[in-house]
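Letter by letter, the chains look like this.
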Amino acid sequence: MDWGLQNRLSRIIQPEDGRTVMLAVDHGYFLGPISKLERPRETIAPLLPYTNAVMLTRGILRTCIDPNTSVPIVLRVSGGNSIIGEDLSREGITTCVEEAIRLNVCAMSLSIYVGAKYEHQTLMNFAHLVDEGQRYGIPCLAVTAVGKELEKRDARFLALACRIAAELGAHFVKTYYCDDFEKVVQGCPVPLVIAGGPRLETIYDVFILAHDAIARGAIGVDMGRNVWQAEHPVAAIRAIRAVVHEGATAEQAAKLFDDIKAGKA
Ligand code: 5RP
């Protein structure tokens, strides 16, 4: 791996333990101002000290993130659709590699829609992005998107999507946790991080999700709604950090969460 590319990747995936806690705040690119992300600056700022990288679009980066930050940026570069549009899979590349360089990002991310109407278009988008990333030393993160079909998130589908992403040259992949997650990990020769998905019933469920994903081979999380839509987002991300970086169990994370809430940690 070229030095620049490896250096960027190592700012996201911590060399000390090979793990990462990424914060996803890119949802507005097709969902608009969803709950708790109406004013991104206010949502993001308190969480930044506890994240290893933040994933977002250039618009939110420029308007809502202090350029003095040292937190690595993962730039979402796919879009061109909306939740009320014809088909969520109909994405293009929304910017160019020069913009990614100008913004000093550590990776570019793009959704692939395996099995969807515009599958081919999104896979070719990703292949093109990898070529551009390789040229300038910028790692590419593939997001195995499922659109509105959340029930698609099983091991057979995700293993297929993650493997295709890796075959096209992904440096790491964002996917969902599922039963038999080991099968997804085994079939994918590059590191996997998991999304949180729509808000889970309890914060304890989030800690279980993070714990089980790490135990079964994910190298980290790239979570959004289950962090910033939680009742106590800072306590939530700090407890998730303990799971990812310190090997905490879900129970230990829940205890830490309660202690942070109570001002005891
Ligand atoms: C959709 C995305 C997101 O916009 C986002 O990153 C998902 O994060 P979460 O599910 O944890 O809210 O990648 O494909």
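Residues numbered from 1 in each chain as written. Predicted model: local features only at pLDDT ≥ 70, side-chain atom pairs only at ≥ 80, totals over all residues.

Participant: How should I be thinking about the overall build of the chain in this particular structure?
Facilitator: On a plain count of helices and strands, the chain comes out with 12 helices and 10 strands. The C-alpha atoms of the chain give a radius of gyration of 17 Å, which matches the 18 Å a tight globule of 265 residues would have. Taken along the three principal axes of its C-alpha coordinates, the chain extends 50 × 40 × 40 Å. The proportion of buried residues among the 265 residues of the chain is 47%. (Helix = DSSP H or I, 4+ residues; strand = E, 2+ residues; numbered from the N terminus. Rg over C-alpha atoms; globule rule 2.2 N^0.38 Å. Buried ≥ 20, exposed ≤ 12 C-beta atoms within 10 Å, placed from the backbone.)

Participant: Explain the site of the ligand here, please?
Facilitator: Around the ligand lies a shell of 14 residues, among which A24, A195, G196, G224 and R225 are the nearest. When grouped by side-chain class, the residues that make up the shell around the ligand number six nonpolar, six polar and two charged. (Near = placed C-beta within 6 Å. Nonpolar A, V, L, I, M, F, W, Y, C, P; charged D, E, K, R; others polar.)

Participant: Quick question: what am I supposed to make of the packing of helix α9 (residues 203–215) against helix α12 (residues 250–261) here?
Facilitator: Helix packing for two helices is described by the angle between their axes and how far apart those axes are. One can describe the packing of α9 onto α12 by two numbers: an axis separation of 9 Å at closest approach and a directional angle of 135 degrees. Taken together, the axes of α9 and α12 are oblique relative to one another. The crossing of α9 and α12 is right-handed. Touching I203, Y204, F207, I208 and H211 of α9 are A250, A253, A254 and F257, all from α12. The residue makeup of the contact of α9 with α12, split by class, is eight nonpolar, one polar and no charged. (Axes fitted to C-alpha atoms, helices over the stretch in contact; angles between N-to-C directions. Parallel < 35°, antiparallel > 145°, perpendicular 65-115°, else oblique. Left-handed = near helix turned anticlockwise from the far one by under 90°. Contact = placed C-beta atoms within 7 Å.)

Participant: Can you walk me through unusual backbone geometry in this structure?
Facilitator: Working note: non-glycine residues mostly have negative phi, and peptide bonds are mostly trans. The phi dihedral of K36 is positive, around 75 degrees, even though this residue is not glycine. In this fold, K36 is placed in the loop between α2 (28–31) and α3 (40–44). For K36, a count of 18 C-beta atoms within 10 Å translates into the label partly exposed. The residue N104 is not glycine, and still its phi comes out positive at about 55 degrees. Among the structural elements, N104 can be located in the loop between α5 (97–102) and β6 (107–112).

Participant: Explanation requested: the sheet that holds strand β3 (residues 73–76) in the structure shown.
Facilitator: By way of backbone hydrogen bonds, the strands of a sheet pair with one another, either parallel or antiparallel. Pairing is parallel in the closed barrel, where eight strands are placed in the order β1-β2-β3-β6-β7-β8-β9-β10. Across the sheet, the axes of successive neighbouring strands diverge by a mean angle of 25 degrees, strand direction being ignored. Sitting on the sheet, helix α7 (residues 155–167) touches β6, β7 (140–144), β8 (172–175) and β9 (192–194), and the angle it makes with β8 is about 155 degrees. (Pairing = 2+ DSSP bridges.)

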